[in-house]
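The chain contents come next:
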Amino acid sequence: MGVEVWRAEAPSNIALIKYMGKAEARSNQPANASLSYTLDHLVSVVEISPNASPFDEWRPLREEGFSPIELSDKGKERFLSHFQFLKSEFQISGGFTIRSANNFPSDCGLASSASSFAALTRCAYNVGLDLGRPKEVVEAFALEELSILSRKGSGSSCRSFFRPWALWRGEGADGVQLPFQRLHHQVAIIEDGKKEVSSSEAHKRVLTSELFNGRTTRAEHRLQQLLSALNDQDWKRATDLVWADFWDMHALFETSSPAFGYMSPKSLQVLNFVREVWRELGDGPMATMDAGANVHLLYRQDQSQIAKRLGAALSEFCQVIGSPGLIGERP
Ligand code: DP6
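What counts, and where the lines are drawn
- Position numbers for residues count from 1 along each chain, tracking the sequence in the order it is written.
- Only residues with pLDDT of at least 70 are given local features in this predicted model, and only at 80 or more are side-chain atom pairs given and counted; all residues enter the totals for whole chains, interfaces and linings.
- Side-chain measures were taken over the full set of non-hydrogen atoms in the model, leaving aside hydrogen atoms and water.
- Here, a salt bridge means any Lys or Arg side-chain nitrogen found within 4 Å of an Asp or Glu carboxyl oxygen.
- Only protein chains enter the area calculation, which uses a 1.4 Å probe; residues under 20% of their type maximum are buried, those over 50% are exposed, and those in between are partly exposed.
- Note on pairing: two strands pair once DSSP finds at least 2 bridges between them.
- Every helix listed is a DSSP run of H or I at least four residues long, and every strand listed is a run of E at least two residues long, numbered separately from the N terminus.
- Angles run from 0 to 180 degrees between N-to-C directions of axes, and those axes are lines fitted to C-alpha atoms, restricted for helices to the stretch in contact.
- The contact criterion used throughout is that any non-hydrogen atoms of two residues lie within 4.5 Å.
- Residues are classed as near a molecule or strand on a simple rule: at least one heavy atom within 4 Å of it.
- Whenever two N or O atoms come within 3.5 Å, that pair is a polar contact, provided that in protein one can donate a hydrogen and the other can accept it, and provided that, for residues adjacent in sequence, both atoms are side-chain atoms.
- A 1.4 Å probe and the Shrake-Rupley method give the accessible areas. Residues count as covered only by the protein chains that appear here.
- When residue character is reported, Ala, Val, Leu, Ile, Met, Phe, Trp, Tyr, Cys and Pro are called nonpolar, Asp, Glu, Lys and Arg charged, and the others, Gly included, polar.

Draft legend 1. Just the pattern of salt bridges, in detail. All chains considered together, the criterion is met by 23 salt bridges. A salt bridge links Asp-302 to Arg-300; the nearest nitrogen and oxygen atoms lie 2.9 Å apart. The class for Arg-300 is buried, based on a relative accessible area of 13%. Each of Arg-215, Arg-218, Arg-222, Asp-245 and Asp-248 takes part in a single network of salt bridges with overlapping partners.

Now the structure itself:
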């Protein structure tokens with residue numbers, strides 16, 4: 001009999017209204033609601049198999065088409081401790097080996113915790129369906145509940161259970177019906193060599209910024225405006241709101257104490273390219289940045305030509321990863 005292996009995948013997501021700052025740090029309760037678009041082409045995979053010991057361990061997964069994830073000791077501890085929590089929720093006992101990988105390069109600053117924690121939560125649930133006692137308890141978990149469990153491991157992962165749009169308010173995320181069901185995505189990979197401040201650390205530090213006063217209200221207000229702009233299919237207005245929200249978040253970083261930042265000259269160059277496109281055509285992609293130097297771009301379906309043109313221009317000076325069919329496409 002072969003060794004039993006459970007497997008699950010989960011996509012990454014990009015926030016258009018950002019989760020930044022926690023109301024309750026230990027369980028990743030957000031200071032404000034956030035809205036994201038799910039990135040189906042950027043995926044993490046997790047495999048779980050029983051091991052002979054009573055302890056859990058983590059290993060990179062080696063498989064064609066995937067890049068093994070590299071985790072620091074702290075990263076491993078965090079991943080394993082979320083698994084411990086899931087084991088108790090699904091009433092699973094015994095020691096397991098967890099293997100994980102991404103379908104994108106692990107050294108490009110994209111390795112967000114969102115897809116890997118969502119994949120871990122999904123995979124532990126699959127283990128629970130077979131080994132959890134009693135089975136009905138595990139079966140009763142709905143997607144919304146898995147989202148809540150995943151949030152406790154890493155906040156942004158709770159949005160990766162819904163597609164294409166996810167709205168996270170409070171305990172967990174839920175799908176939200178909006179136009180623009182299929183967007184093209186590109187990310188300009190900017191390596192800036194700066195020492196990284198993790199997003200978990202960023203959540204703590206922004207609380208010290210003078211600008212954090214009013215952030216919750218601003219983000220909530222912007223979210224309502226963005227939902228209505230998207231519903232009205234007002235792409236330009238939506239783009240401006242998304243632009244404002246990532247600058248709002250980066251302003252918090254730059255004014256924290258100690259201050260830190262991710263914006264690099266190359267990020268600004270990419271943002272300028274985007275502005276040029278908008279100026280020339282009166283149309284263009286939405287741009288946003290997370291806690292890193294990379295610039296994410298979202299395009300409507302009818303903007304494929306713009307995406308190809310801008311993607312080609314950007315690939316002259318940085319790596320570009322994009323949705324299938326675009327410059328920098330990933331399988
Ligand atoms: C900038 O979800 O990585 O990407 O809950 O501490 O794991 P933890 O933080 P994390 O924060 C993501 C922050 C962000 C914005 C966003 O995705 O909304």
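Draft legend 2. Expanded view of the sheet that holds strand β12 (residues 295-299). Pairing is antiparallel in the open sheet, where four strands are placed in the order β11-β12-β10-β13. Each edge of the sheet is formed by a strand with only one pairing partner; in this case those strands are β11 (286-288) and β13 (319-322). Across the sheet, the axes of successive neighbouring strands diverge by a mean angle of 20°, strand direction being ignored. Relative to β12, strand β10 (residues 184-189) runs antiparallel, the two sharing five bridges. The residue bridging Val-187 from the neighbouring strand is His-296, located in β12. Set on the sheet, helix α9 (residues 304-314) makes contact with β10, β12 and β13; between it and β12 the angle comes to about 160°.

Draft legend 3. Here's a closer look at the site of the ligand. As a matter of local geometry, the ligand sits amid 18 residues, with Tyr-19, Arg-78, Ser-154, Gly-155 and Ser-156 nearest to it. Taking Tyr-19, its side chain carries an N or O atom lying 2.6 Å from an oxygen atom of the ligand. Interatomic distance of 2.7 Å between a side-chain N/O atom of Ser-199 and an oxygen atom of the ligand. Here the ligand has 460 Å² of accessible area as a free molecule, and 95% of this is covered by the chains. The element best represented in the shell around the ligand is helix α5 (residues 199-205), accounting for three residues. Partitioning the shell around the ligand into residue classes produces five nonpolar, eight polar and five charged.

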